[in-house]
Amino acid sequence: MNPMVRIFKDPEQLSLGAAEIFVERAARAITERGRFLVALNGGGTPNRLFRLLVREPIDWTRVHVFWGDERLVPPEDPESSYGQARAALLKHVPIPTENVHRIASDLEPAAAAMDYARVLKEFATPPLDWPRFDLVLLGMGEDGHTASLFPGSPVDITEPVIAVIAHYQDRPAQRISLTPLVFNAARHVVFLVTGTNKATTLTGVFNEYHSLEQYPVKRIQPSDGEVTWLVDEAAGSALTTPHP
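So, here is what we can say about the structure in this document. (Residues numbered from 1 in each chain as written. Predicted model: local features only at pLDDT ≥ 70, side-chain atom pairs only at ≥ 80, totals over all residues. Heavy atoms only, no water.)

### Here's the deal with the sheet that holds strand E8 (residues 188–193)
Line of reasoning, step 1. Across the sheet, six strands lie side by side as E1-E9-E8-E5-E2-E3; this open sheet has parallel pairing. Edge strands, defined here as strands with exactly one partner in the open sheet, are strand E1 (4–8) and strand E3 (63–67). In this sheet, adjacent strand axes meet at a mean angle of 20° when their direction is disregarded.
Line of reasoning, step 2. Inspection of the sheet shows E8 paired to strand E9 (residues 226–232) by six bridges, in the parallel sense. Counted as the bridge partner of valine 190 is threonine 228 from E9. (Pairing = 2+ DSSP bridges. Helix = DSSP H or I, 4+ residues; strand = E, 2+ residues; numbered from the N terminus. Axes fitted to C-alpha atoms, helices over the stretch in contact; angles between N-to-C directions.)

### Brief notes about the nonpolar core
Line of reasoning, step 1. Core analysis: the biggest nonpolar cluster contains 78 residues, and Phe133 and Trp229 have the highest contact counts within it.
Line of reasoning, step 2. Among the elements that make up this core, the one with the highest residue count is helix H1 (residues 11–33) (nine residues).
Line of reasoning, step 3. Look past the residues within four positions of phenylalanine 133 in its chain and what remains in contact with it is Leu37, Val38, Ala39, Phe66, Leu120, Leu178, Val182, Ala186, Arg187 and His188. (Core = buried A, V, L, I, M, F, W, Y, C linked by side-chain atoms within 4.5 Å. Buried < 20%, exposed > 50% of the residue type's maximum accessible area, 1.4 Å probe, protein only. Contact = heavy atoms within 4.5 Å.)

### Some thoughts on the environment of aspartate 224
Line of reasoning, step 1. Within the secondary structure layout, aspartate 224 lies in the loop between helix H6 (199–205) and E9.
Line of reasoning, step 2. The sequence separation of aspartate 224 and asparagine 184 amounts to 40 residues, and the corresponding C-alpha distance is 8.0 Å.
Line of reasoning, step 3. Leave out the neighbours within four places in its chain, and aspartate 224 touches Arg132 and Ala186.

### With respect to the packing of aromatic side chains
Line of reasoning, step 1. Taken as a whole, this structure holds seven aromatic pairs when the rule is applied.
Line of reasoning, step 2. Each ring, one from phenylalanine 191 and one from tryptophan 229, has its centre 4.1 Å from the other, and the planes form 15°; the classification is stacked. Linking phenylalanine 191 in strand E8 with tryptophan 229 in strand E9, this pair joins segments that are 38 residues apart in sequence. Residues phenylalanine 191 and tryptophan 229 agree in their burial class; the two are buried.
Line of reasoning, step 3. An aromatic cluster is present here, built from Phe22, Phe36 and Trp60 joined pairwise through their rings. (Phe/Tyr/Trp six-rings, centres within 6.5 Å; stacked < 30°, edge-to-face > 60°.)

Here is the structure:
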């Protein structure tokens, strides 16, 4: 299935569009399957979305929250994706504590990866050993990485969760990341991309001459699901896609 690209005037309008998708997908999943499984992303882009979701009519008792990747830092660290989501969203909504499935960032990398693979298996959709997420939110770095899948990393990963030692924008970090095995099982993947610094890379993502090794974001191709790119005008300035 070809991805859909929607270009918005600015990050605020993009966040509103993302909130609409989140609410619609949550309602559909809860009606059809009794629960909504969502994987959140980190970074600055989703913060406004998280704040918008606080006001939305979502049955948070049926929502299970996971993360696509995480830095191995304490939850209160500013670099923690869990901490970011908790501050902007989770502590403001009535979601049960047991429905929040954060990566155990206090463990050593290999142990944290094994632990999260175990958590995923508890929500597995047979014959898979991991869940079919109803919604996955992802971003894209200037270098074409997504989650903690970086350029030059192995393409044929056989594990659902991996430990990563990454240096991005001169910031070294130990990380845990879900892999394309999990992302590509999702029902709907939504990329949130903002800023002029992403414009050149974004055109490369849709160019067949750029490889999966060069742009790991291209590895996300669900076999039986949808992909939607929500892009602001700055990031999409080199694209020729009409506005929604």
